[in-house]
Amino acid sequence: MTTAKTPSRLMTADELLDMERVPGKRFELIRGVLTEKEVATGDPHAATVLRAGSVVLHYTDATDYGDARAGEPGYKLESDPDTVRAPDVAWFAPGRIPPGTTGSPELTPDLCIEVASPSNSRRDRLLSDKAQMWLDFGAREVWVLNPENTSVARYRPGQPTLTLHEDDVLDGEELLPAFSVPVWQLFRRQR
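This structure is a prediction, so every number in the text was calculated from the model and none was measured. (Residues numbered from 1 in each chain as written. Predicted model: local features only at pLDDT ≥ 70, side-chain atom pairs only at ≥ 80, totals over all residues. Heavy atoms only, no water.)

### Structural notes on the pairing of strand β7 (residues 89-92)
For step 1, the next point in the chain: Going residue by residue along β7, you find V89 and W91 tucked away on one face and A90 and F92 tucked away on the opposite face as well.
For step 2, the next point in the chain: Where strand β4 (residues 67-70) meets β7, four bridges bridge the pair, whose relative direction is antiparallel. Residue pairing for β7: D67 is matched across the bridge by F92.
For step 3, the next point in the chain: Direction of pairing for β7 relative to strand β8 (residues 111-115): antiparallel, over a ladder of three bridges. Looking at β8, one finds that W91 is bridged to L111. (Buried < 20%, exposed > 50% of the residue type's maximum accessible area, 1.4 Å probe, protein only. Helix = DSSP H or I, 4+ residues; strand = E, 2+ residues; numbered from the N terminus. Pairing = 2+ DSSP bridges.)

The structure is reproduced here in structure tokens:
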């Protein structure tokens, strides 16, 4: 992720929404500064985002509990200066998304799922920082999925990070009651 030069005037969430799209680039807004997101790095990342979103969507449809979002929806986390961040997949507890919500709502997902791109130490630090940022703004959990080693790092407020591997089972505990998936299924169709 690269940060644009500090502008003379900070950008707002509305200006981000109205900004002309730049082919091949994705942006977030961090304290008013337009920040380019790392471009997804191909098939493992895309397939993992789709699988994770599908698993969470299937859970919400089957249980009629909560709402799932994917496609990097942007959420306004703070104002003056504005911060708009976009998880790969977001889940909200029942009733948290007001009907007719559009744009970058002032909401923090209860669960944020981020999918790692190919490994490097800088990327790993950025994901850890982003997970902590989501928790600081009120997310109840953050799952960081790593397709390279088929693991899930589970972040929760006030608890140490828990890393689950492909032989483990990821369950929703109190956040997603009755949710359970073998970790390997988040990364591929069969074992």
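### Observations concerning the pairing of strand β10 (residues 151-155)
The two faces of the sheet receive side chains in turn, since in a regular strand these alternate between them.
For step 1, the next point in the chain: When you tally the buried positions in β10, you get five out of five residues, the bulk of the element.
For step 2, the next point in the chain: Neither face of β10 is exposed, since S151, A153 and Y155 on one face and V152 and R154 on the opposite face are all buried.
For step 3, the next point in the chain: As consecutive antiparallel partners, strand β9 (residues 141-146) and β10 are separated by four residues, and within that stretch T150 has a phi angle of approximately 40°, a positive value.
For step 4, the next point in the chain: When β10 meets strand β11 (residues 162-165), the two strands line up antiparallel, connected through four bridges. Paired with S151 across the bridge in β11 is H165.

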